[in-house]
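What follows is each chain in one-letter form.
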Amino acid sequence: MTEKIYYKRQEKLRSVLSKHSLDGLLITNLTNIRYICGFTGSAGTCLVTDKGQYFITDGRYIEQSKEQVKGFDRYIDMDSHFSIIKKNNLLNSNLKIAFEADHVNFTLYDDMKKTFNGVDWISTQMIVEELASVKDKTEIDAFRVAVEITDKVYEEILPMLRPGFTEKQVANTLVSKYREYGDGEAYSPIVATGPNGALPHAIPTDREFKKGDFVVIDAAAKYAGYHADMTRTPVVGEATDKHREVYAIVKEAQKRGCEIAKAGVPCQEVDAATRDYIHEMGYGEYYTHGTGHGLGLEIHTSPRFSPTSKEVLKENNVMTIEPGIYIAGWGGVRIEDDVIINQNDCEILNKTTKDSCLRLTIVWVLYRTILIIVV
């Protein structure tokens, strides 16, 4: 990303701090540090004050920070980050300095209070996260590539969804391909066959695919730090009436969520659009999670679609919409797309078909036909 993008983010941050009558912000969360200055290492602190902007790290990151950090003066030392701030007089007393309450444990807070006992530390939440929830063009371009890779890899693993292959084998292949085509996996893939699909966050096992299994595949690529997130649920072999019924309900619920999602709509209403329909169809008790979440430099970001959300969608939020039904002992269905929130609608990024029951049946028939010919 260009320096200009980071400078614009920093200007927005300063505007928010001023609006809340804050003299500065201590940023300790590494994702937020990456967003605000570009640093991707595993140890860093950012301090923003009226006097200046300071990035603090240790000797491991001399060259990396020189290349990556934009808009911040760098301070590199082997002392603790608070010691570096203190001995360089980067933080004056009698200031109201915000800190990220969601990311500061008690030990760090106690050290902070003792080291800078003249500072008025203000507990805050989601300051940088809310800025990051509205994406710029560079970020959206990165999402598009991540989703393109996700679609491509899903297409390539379809022939593996048959007897003779296991959940783990497919999950490992997904990871390998994401690393070949992009920056790797956005998260550990979920590949759950048959009854395992009733676990929304199932861990892949050695279970082989069996004819009649629903297969919940929740897996995606990452590109330039930005996470895609897609779920499809094909069925191995011929779909039963039960498969078709449950799948059709989830597909319609997901469609309703996508149709209502746009700037200005409360997140709670998008959740209700999917949840109310599933309840109407008699499967409400089997829908056990929120309808979706924001995407970004982490896989789960603000805002979120849930029955209790107080957030409202903004233009250029990038969200998932992912209702599901999970029936213990039988299996589960989840359908998930990544969408860009626009003023009048949302753009669905994923191109992978959602007619998965039909598609995998065709793949299965083709495989059997080829096998017969070879034999």
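Structure: above.
The notes below deal with the structure included here. From a predicted model like this one, the values you see are computed outputs, not experimental measurements.

1. Comments concerning the overall build of the protein chain
And step 1. The helix and strand inventory of the protein chain stands at 11 helices and 18 strands.
And step 2. Along the first, second and third principal axes, the C-alpha atoms of the protein chain reach 75 × 45 × 35 Å.
And step 3. Residue burial in the protein chain is summarised as follows: out of 375 residues, 53% are buried.
And step 4. Long-range pairs, those at least 24 residues apart, make up 66% of the contacts in the protein chain with a sequence separation of at least 6.
And step 5. Carbon and sulfur atoms form 50% of the exposed surface of the protein chain, whose accessible area is close to 17100 Å².
And step 6. Of the side chains in the protein chain, 45 bear a positive and 53 a negative charge, and the two mean positions are spaced by 1 Å.

2. Observations regarding the side chain of Lys135
And step 1. With respect to the helices and strands, the residue Lys135 is situated in the loop between helix 6 (127–132) and helix 7 (137–157).
And step 2. It turns out Lys135 is buried and unbridged, and the closest side chain with the opposite charge, Glu139, is 5.5 Å from it.
And step 3. A distance of 3.3 Å separates a polar side-chain atom of Lys135 from the backbone oxygen of Ser133.
And step 4. Contacts of Lys135, omitting those with residues within four sequence positions, involve Ile140, Phe143, Leu295, Gly296, Asn316 and Val318.

3. Quick word on the pattern of salt bridges
And step 1. Scanning the model with the defined rule gives 22 salt bridges in all.
And step 2. One salt bridge in this structure joins Lys87 and Asp79, with 2.9 Å as the shortest N-O distance.
And step 3. Residue classification places Asp79 among the partly exposed positions, given a relative accessible area of 36%.
And step 4. One salt bridge in this structure joins Lys251 and Asp355, with 2.4 Å as the shortest N-O distance. Taken as a pair, Lys251 in helix 9 (residues 241–260) and Asp355 in the loop between strand 18 (346–348) and helix 11 (356–374) lie far apart in primary sequence, 104 residues in all.
And step 5. Overlapping salt bridges bring together Arg9, Asp136 and Glu139 as one network.

4. With respect to the nonpolar core
And step 1. Formed by 38 residues in total, the largest nonpolar core has its most connected members in Leu13 and Cys37.
And step 2. Elements represented by at least two residues in this core include exactly helix 1 (3–19), strand 1 (24–27), helix 2 (30–37), strand 2 (45–49), helix 6 and helix 7.
And step 3. Ranked by residue count, the leading element in this core is helix 7, at 5 residues.
And step 4. The contacts of Leu13, once residues within four sequence positions are left out, are Leu25, Ile27, Ile36, Val48, Ile127, Val128 and Leu131.
And step 5. Counting residues in each nonpolar core, the second largest holds 19 residues, with Met160, Ala171, Met230 and Val236 among its members.

5. Re the sheet that holds strand 11 (residues 231–232)
And step 1. With antiparallel pairing, the 3 strands of this open sheet are ordered in space as 7-8-11. Each of the sheet's edge strands pairs with one partner strand only, and the pair in question is strand 7 (190–193) and strand 11.
And step 2. As judged from the 4 bridges shared by strand 7 and strand 8 (residues 215–218), these two strands associate in the antiparallel manner. Bridge pairing in strand 8 places Ile190 opposite Asp218.
And step 3. Against the sheet, helix 8 (residues 167–181) makes contact with strand 7 and strand 8, and its axis sits at roughly 155 degrees relative to strand 7, the strand it touches most.

6. Considering the packing of aromatic side chains
And step 1. Counted according to the given criterion, the structure contains 11 aromatic pairs.
And step 2. Considering the side-chain rings of Phe39 and Tyr61, the 5.3 Å spacing of their centres and the 90 degrees angle between planes classify their relative orientation as edge-to-face. Of this pair, Phe39 sits in the loop between helix 2 and strand 2 while Tyr61 sits in the loop between strand 3 (53–57) and helix 3 (62–68), and the two are 22 residues apart along the sequence.
And step 3. On the basis of relative accessible area, Phe39 is assigned to the buried category, the value being 1%.
And step 4. With 6.2 Å between their ring centres and 65 degrees between their planes, Phe116 and Trp121 make a pair best called edge-to-face. Taken individually, Phe116 and Trp121 each receive the classification buried, so the pair is uniform in this respect.
And step 5. The aromatic ring of Tyr181 is capped on one face by Lys152, whose charged end is 4.8 Å from the ring centroid.
And step 6. One Lys or Arg, Arg275, reaches over the ring of Tyr287 and ends 4.1 Å from the middle of that ring.

7. Topic: the sheet that holds strand 3
And step 1. Here we have 6 strands laid out as an open sheet, ordered 4-3-2-1-5-6, and mixed in their pairing. Only two strands of the sheet have a single neighbouring strand rather than two, namely strand 4 (73–76) and strand 6 (120–124). Neighbour to neighbour, the strand axes of the sheet diverge by 20 degrees on average, direction disregarded.
And step 2. Bridging between strand 3 and strand 4 involves 4 bridges; their strand directions are parallel.

8. Considering the packing of helix 9 against helix 10 (residues 267–280)
And step 1. Relative orientation of the contacting elements helix 9 and helix 10 amounts to 155 degrees, with a least axis distance of 8 Å. In this view, helix 9 runs roughly antiparallel relative to helix 10, as classed from their interaxial angle. For the pair helix 9 and helix 10, the sense of crossing is right-handed. In this structure, helix 9 contributes Ile249, Glu252, Ala253, Arg256, Gly257 and Ile260 to the contact, and helix 10 contributes Glu269, Val270, Ala273, Thr274, Tyr277 and Ile278.
And step 2. A breakdown of the residues in the contact of helix 9 with helix 10 according to their chemical character gives 7 nonpolar, 2 polar and 3 charged.

9. A look at the packing of helix 7 against helix 8
And step 1. Here helix 7 crosses helix 8 at 140 degrees, and the two axes come no closer than 10 Å. The angle between the axes of helix 7 and helix 8 places the two elements in the oblique class. At the point where helix 7 passes helix 8, the crossing takes the right-handed sense. Facing Ile149, Thr150, Lys152, Val153, Glu156 and Ile157 of helix 7, the residues of helix 8 in contact are Val170, Thr173, Leu174, Lys177, Tyr178 and Tyr181.
And step 2. A class-by-class count of the residues in the contact of helix 7 with helix 8 yields 7 nonpolar, 2 polar and 3 charged.

Criteria and thresholds
- Residues numbered from 1 in each chain as written.
- Predicted model: local features only at pLDDT ≥ 70, side-chain atom pairs only at ≥ 80, totals over all residues.
- Heavy atoms only, no water.
- Helix = DSSP H or I, 4+ residues; strand = E, 2+ residues; numbered from the N terminus.
- Buried < 20%, exposed > 50% of the residue type's maximum accessible area, 1.4 Å probe, protein only.
- Contact = heavy atoms within 4.5 Å.
- Areas by Shrake-Rupley, 256 points an atom, 1.4 Å probe, with all protein chains shown as cover.
- Lys, Arg positive; Asp, Glu negative; His and termini not counted.
- Charge placed at Lys NZ, Arg CZ, Asp CG, Glu CD.
- Salt bridge = Lys/Arg side-chain N within 4 Å of Asp/Glu carboxyl O.
- Polar contact = N/O pair within 3.5 Å; in protein donor to acceptor, adjacent residues only side chain to side chain.
- Core = buried A, V, L, I, M, F, W, Y, C linked by side-chain atoms within 4.5 Å.
- Pairing = 2+ DSSP bridges.
- Axes fitted to C-alpha atoms, helices over the stretch in contact; angles between N-to-C directions.
- Phe/Tyr/Trp six-rings, centres within 6.5 Å; stacked < 30°, edge-to-face > 60°.
- Lys NZ or Arg CZ within 6 Å of the ring centre and 35° of its normal.
- Parallel < 35°, antiparallel > 145°, perpendicular 65-115°, else oblique.
- Left-handed = near helix turned anticlockwise from the far one by under 90°.
- Nonpolar A, V, L, I, M, F, W, Y, C, P; charged D, E, K, R; others polar.

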